[in-house]
Amino acid sequence: MDGRKPGGERRATQVRGGALLAAGALAALVAGACGGRVVVDGFEPPPDGSGGSWSSGDTASSAPQGSSGAGLGGSIGEGGAPPIPPLVKEEHDNVDIDGAVPVTIQPGTLGFTAVAEIMASSPSFEPIGIESIRGPDGRLLAADYTIPGTMAAFFNQGIGAAAVPQTGADASAPLAPGVYWIKLGNGGVGPLVEPVRLSVWHRRTLDGRFHGGKIDINAFIAGEAVSEQYMRRALLAAYEGYVGLGVGSINIRHLGSEWEFIDDELLPGLLEQTAGAPGRPALNVIAVTAFGGSIVQASGVTPAVPSVAVEHGTHLSGIVVTLYEEPSVDTIILRHELGHLAGLFHTTELDADFGDPLDDTEQCSNMRSLGERCPDFGNLMFPTGGDFSGTMTPQQTAIVRASALYRGIVEQGGGAAVPLPADADTPASGAPIAPPTPGEGARSFAPDRLASTAALPPHAAALLAGHFCGQSAARGADFDELLRAAGADADRLLAVGRDPGAPAYVRARALTAAGRAATRSSASARVIAELQALAADPRLPRRARLGAVEGVASASPAAARALAARLTADADGVVERMATRAAAR
């Protein structure tokens with residue numbers, strides 16, 4: 001191993017691309033064993049102590065909140081309290097990164113998530129992560145901060161995570177019991193200044209089989225990115241029934257308009273805004289208006305694979321999305337990004353040498369050229385979301401079920417554990433809203449219609465209509481380059497942007513891409529002028545106008561400044577703010 005960076009210069013480059021926030025440089029469960037401390041989440045042992053060794057650690061629990069609706073999003077606790085805790089956190093403080101920590105996995109364990117964190121007074125930007133995990137049989141499950149053949153990066157800024165299972169070889173439940181060895185590291189960048197803590201979250205059931213559970217959600221809305229009502233409906237539509245889980249509580253919080261537009265530099269600070277959110281485990285979903293920088297044109301970003309739902313305010317605490325108010329599309333965006341957070345990779349990467357390490361997923365020999373003809377195009381974890389059918393394989397499903405994402409049920413017919421107490425200032429979540437019925441609010445849309453309308457090749461139309469994942473952008477994929485390679489020139493893209501029958505998000509992407517393509521066009525002045533006119537047209541949907549604003553800024557800084565002046569005091573404050581921000585870049 002290169003002493004400066006994980007795995008040498010070539011691996012360091014890949015690893016940095018595989019984790020959006022990666023820094024530039026890079027036991028037994030009974031209390032007291034191996035220096036670990038056990039904290040039982042969401043479980044209160046029976047008063048007679050029949051909880052066995054699980055009751056030997058600190059315990060914390062809370063009852064479901066009252067009938068006002070605060071904190072309630074479903075029938076929590078049906079079937080009675082679980083007889084054993086479904087999720088246990090084992091802590092090891094002041095870990096020596098030169099040695100490995102033994103962690104004992106008991107029978108009935110579906111999986112575990114290991115989290116390495118630098119213990120500082122505020123979120124650290126120093127690299128830390130999981131260098132390796134070795135199983136009871138001596139087999140390496142992760143090495144050099146990655147899994148061979150994937151673009152995983154199990155280290156990040158101040159916090160890094162890895163999970164077992166994340167490969168097909170380990171995706172059958174339950175895990176093999178015994179001692180697993182976890183080694184932390186910081187990529188050899190120098191001595192650690194702050195202490196490091198290893199937390200291992202164990203997911204268990206009585207019989208080692210999955211019995212369901214509840215996903216609690218903290219939803220953050222930046223500025224006017226989306227309405228509360230639509231946010232709730234989208235979350236319920238996406239996650240009720242996802243891999244056999246239900247939705248528990250949905251708590252809505254609001255962020256300032258300064259977080260509406262997010263690039264890769266602002267992403268860590270945005271994730272820090274989840275500090276103080278209620279519940280553990282709980283999924284943080286942050287809705288923004290648009291992405292820029294290296295993640296421009298993305299519709300969803302997850303900081304690493306996996307990220308965490310068991311801590312808030314860290315640089316891995318949640319997923320960030322832009323919702324298009326196209327229900328079928330938004331469901332795929334939300335499920336795809338949650339798949340990453342739970343530990344799923346893309347079935348096929350844009351780099352043909354990489355893909356997921358599962359045995360039951362198809363992989364594409366060349367996604368850039370085959371696109372929608374790839375054998376895994378229907379899979380949820382295809383880089384573009386595929387055909388929006390959201391198909392998942394048994395191994396993918398097992399990995400999500402083994403994650404520390406949800407409050408679990410440990411036996412058939414049992415109830416989910418209750419969450420830890422919410423913060424005192426947590427607002428009421430409001431009355432539950434039913435998920436939309438299939439097709440409600442969705443437009444009839446097919447890529448081949450775009451192809452005929454704008455004379456776009458089918459592959460280019462599929463790219464415009466698909467989900468562009470921030471993980472692909474972090475690995476160097478340029479959405480607009482992919483469009484150009486698929487035969488989409490500036491005029492064809494403008495035709496899509498003008499098409500009132502196309503979904504607003506498709507129009508927005510096309511107009512942004514048209515501005516970028518204009519720099520290579522002899523008619524760039526004409527293209528920029530049309531983009532300026534579209535950006536200023538109040539009849540266009542807001543999202544399409546924002547795409548035109550970004551297109552102008554990509555084509556000409558001078559034209560962006562002129563557009564910002566033109567849009568001063570525009571009736572749509574979001575468009576005005578975005579135009580001002582684009583002009584200042």
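Scroll up to find the structure this text is about.
The model shown is predicted, which means the values in this text are computed figures rather than measured ones. (Residues numbered from 1 in each chain as written. Predicted model: local features only at pLDDT ≥ 70, side-chain atom pairs only at ≥ 80, totals over all residues. Heavy atoms only, no water.)

**Digging into the environment of Lys 183**
- Positionally, Lys 183 belongs in strand β10 (residues 178–185).
- For Lys 183 and Gly 129, which are 54 residues apart along the polypeptide, the C-alpha to C-alpha distance reads 8.8 Å.
- Not counting the four nearest positions on each side in its chain, Lys 183 is found in contact with Ile 97, Asp 98, Gly 99, Ala 100, Gly 129, Ile 130, Glu 131 and Ser 132.
- At 2.9 Å, the side chain of Lys 183 forms a polar contact with the backbone oxygen of Ile 97. (Helix = DSSP H or I, 4+ residues; strand = E, 2+ residues; numbered from the N terminus. Contact = heavy atoms within 4.5 Å. Polar contact = N/O pair within 3.5 Å; in protein donor to acceptor, adjacent residues only side chain to side chain.)

**Things to note about the side chain of His 459**
- Relative to the helices and strands, His 459 resides in helix α8 (residues 458–465).
- Of note is the side chain of His 459, whose polar atom sits 3.1 Å from the side chain of Glu 372.
- The contact partners of His 459, leaving out residues within four places of it in the chain, are Met 367, Arg 368, Gly 371, Glu 372 and Ala 486.

**Re the state of the cysteines**
- Under the definition given, this model contains 1 disulfide.
- Note that Cys 364 is cross-linked by a disulfide to Cys 374, the S-S spacing being 2.0 Å. Of note, the bridge from Cys 364 to Cys 374 carries an S-S torsion of about -65° and is left-handed in sense. Taken as a pair, Cys 364 in the loop between α4 (327–342) and α5 (367–370) and Cys 374 in the loop between α5 and α6 (394–401) lie far apart in primary sequence, 10 residues in all.
- The class for Cys 364 is buried, based on a relative accessible area of 6%. (Disulfide = S-S within 2.5 Å. Buried < 20%, exposed > 50% of the residue type's maximum accessible area, 1.4 Å probe, protein only.)

**Observations concerning the pattern of salt bridges**
- Applying the stated criterion across every chain, the model contains 19 salt bridges.
- Of the charged contacts, one joins Arg 542 and Glu 224 as a salt bridge, the two residues approaching to 3.4 Å between their closest N and O atoms. Within this pair, whereas Arg 542 is found in helix α14 (residues 542–555), its partner Glu 224 is found in the loop between β12 (213–222) and α2 (228–239), the two being separated by 318 residues in sequence.
- For Arg 542, a relative accessible area of 30% corresponds to the partly exposed category. (Salt bridge = Lys/Arg side-chain N within 4 Å of Asp/Glu carboxyl O.)

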